[in-house]
Amino acid sequence: SDFVRKDFLREYLHKSTTVTPGVEAEQEFVPQPELRSPHPSIVFVAANLDKHKGLGVLLDALVAVRTLVPSVKLSVVGGGSARLKYEALVRQKGLNDCVVFTGRLSGKTLVREFQKAWIFALPTDNDNSPMVVTEAMSAGLPVVSTMVGGIPSMVEAGKTGFLIAPHDLVALAEKISILLSDSGMVARFGAAGRDKAISSFSWKERVATYHAVLERV
């Protein structure tokens, strides 16, 4: 990512180019409005539910979101040893009726979770350029994430989603509530995010970028 180039590879900045991984935006991670949940819904996706991904912060925020959006639902996609701890936290906070843990998913079942949701949330405090962000944008979801790593270059605040400071529980709950209370905003942000995913992160665009880099070698 540009974040890595500028912070860790600064002396090679003049002779390096950022080419982020591509997403299958045309045939796989595509919006399916007919699959969208009738309830305001959030999807959180991480291969492993590590602490730095921010699921604990999201669950805390969900308690506040429920006061404004009582029918909110959260789908947690991911595995790892921390799952039991988070399931216990959900019970402790009384969120059993609105949080579902799916385990680790891939392929069509993962795509389906994106297609069912209204928005994607990833309040991570340590990341580079998470593929799940581009996958969510490609599927037409607004993104609520943090100003860490390369994420600010992926998500346009106020256009394709919202960016907050890591661990800012109040801002996270506020931005999620704003989106889930405004279906028009969800549609606009989602469409803008998909446009960006196609133009900047699709495999077709990635191939063109690689080709241009190799032409200069």
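Residues numbered from 1 in each chain as written. Predicted model: local features only at pLDDT ≥ 70, side-chain atom pairs only at ≥ 80, totals over all residues. Heavy atoms only, no water.

**Student:** Sorry if this is basic, but what is going on with the environment of S41 here?
**Tutor:** Structurally, S41 can be placed in strand β1 (residues 41-48). Spatially, the C-alpha atoms of S41 and I176 are 9.9 Å apart, while their sequence positions differ by 135 residues. For S41, the residues in contact, after removing those within four places along its chain, are K73, K116, A117, W118, I119 and L180. A polar contact is formed between the side chain of S41 and the backbone oxygen of K116, at a distance of 3.4 Å. (Helix = DSSP H or I, 4+ residues; strand = E, 2+ residues; numbered from the N terminus. Contact = heavy atoms within 4.5 Å. Polar contact = N/O pair within 3.5 Å; in protein donor to acceptor, adjacent residues only side chain to side chain.)

**Student:** Honestly, the packing of helix α2 (residues 55-68) against helix α7 (residues 169-180) in this entry has me stumped. Any pointers?
**Tutor:** In a pair of packed helices, the angle between the axes and the distance between the axes together describe the arrangement. Two elements in contact, α2 and α7, have axes separated by 8 Å at closest approach and are oriented at 50°. Between α2 and α7, the angle is such that the two are oblique. As for the relative orientation of α2 and α7, their crossing is right-handed in sense. The segment α2 lies against α7, with V57, L58, D60, A61, A64, V65 and L68 engaging L169, L172, A173, I176, S177 and L180. Its residues placed into classes, the contact of α2 with α7 shows eleven nonpolar, one polar and one charged. (Axes fitted to C-alpha atoms, helices over the stretch in contact; angles between N-to-C directions. Parallel < 35°, antiparallel > 145°, perpendicular 65-115°, else oblique. Left-handed = near helix turned anticlockwise from the far one by under 90°. Nonpolar A, V, L, I, M, F, W, Y, C, P; charged D, E, K, R; others polar.)

**Student:** Is there a simple way to explain unusual backbone geometry in this structure?
**Tutor:** Glycine aside, negative phi is the norm for most residues, and most peptide bonds take the trans geometry. At H167, a residue that is not glycine, the phi angle is positive and equals roughly 70°. Within the secondary structure, H167 sits in the loop between β6 (161-164) and α7. Taking the relative accessible area as the measure of exposure, H167 reaches 54% and is therefore exposed. (Buried < 20%, exposed > 50% of the residue type's maximum accessible area, 1.4 Å probe, protein only.)

**Student:** Before we go on, may I ask you to explain the nonpolar core in this structure?
**Tutor:** Generally speaking, soluble globular proteins have nonpolar side chains that are buried together. If you look at the biggest cluster of nonpolar residues, it comprises 64 residues, and the most contacted ones within it are V99, F114, F120 and I176. The greatest single-element share of this core, amounting to seven residues, is contributed by α2. Among all residues touching F114, those that are not within four sequence positions of it are F29, V43, V45, F120, V132, E135, A136, A139 and L141. (Core = buried A, V, L, I, M, F, W, Y, C linked by side-chain atoms within 4.5 Å.)

**Student:** Would you mind going over α7 with me for this structure?
**Tutor:** Because an α-helix packs 3.6 residues into every turn, residues spaced three or four apart end up facing the same way. In this model, α7 (twelve residues) spans 17 Å end to end at C-alpha, consistent with the 16 Å of a helix rising 1.5 Å per residue. Considered for burial, the residues of α7 that qualify are A171, L172, A173, I176, S177, L179 and L180. Residues of α7 that are buried sit in contact with β1, α2, β4 (119-122), β5 (143-146), β6 and α8 (183-201). (Expected span 1.5 Å × (residues − 1).)

**Student:** Can you walk me through the packing of aromatic side chains in this structure?
**Tutor:** Pairs of aromatic rings are described using the distance from one ring centre to the other and the angle between the two planes. Counted according to the given criterion, the structure contains three aromatic pairs. Relative to F114, the ring of F29 lies with its centre 5.8 Å away and its plane at 70°, an arrangement referred to as edge-to-face. With F29 in the loop between α1 (2-7) and β1 and F114 in helix α4 (residues 107-116), the pair connects residues that are 85 residues apart, well separated along the chain. A relative accessible area of 6% means that F29 is categorised as buried. Three or more aromatic residues joined by ring pairs form one cluster here, namely F29, F114 and F120. Over the aromatic face of Y86 sits the side chain of K85, whose NZ or CZ is 4.7 Å from the ring centroid. Here the basic side chain of K175 rests over the ring of F162, its NZ or CZ set 4.8 Å away from the ring centre. (Phe/Tyr/Trp six-rings, centres within 6.5 Å; stacked < 30°, edge-to-face > 60°. Lys NZ or Arg CZ within 6 Å of the ring centre and 35° of its normal.)

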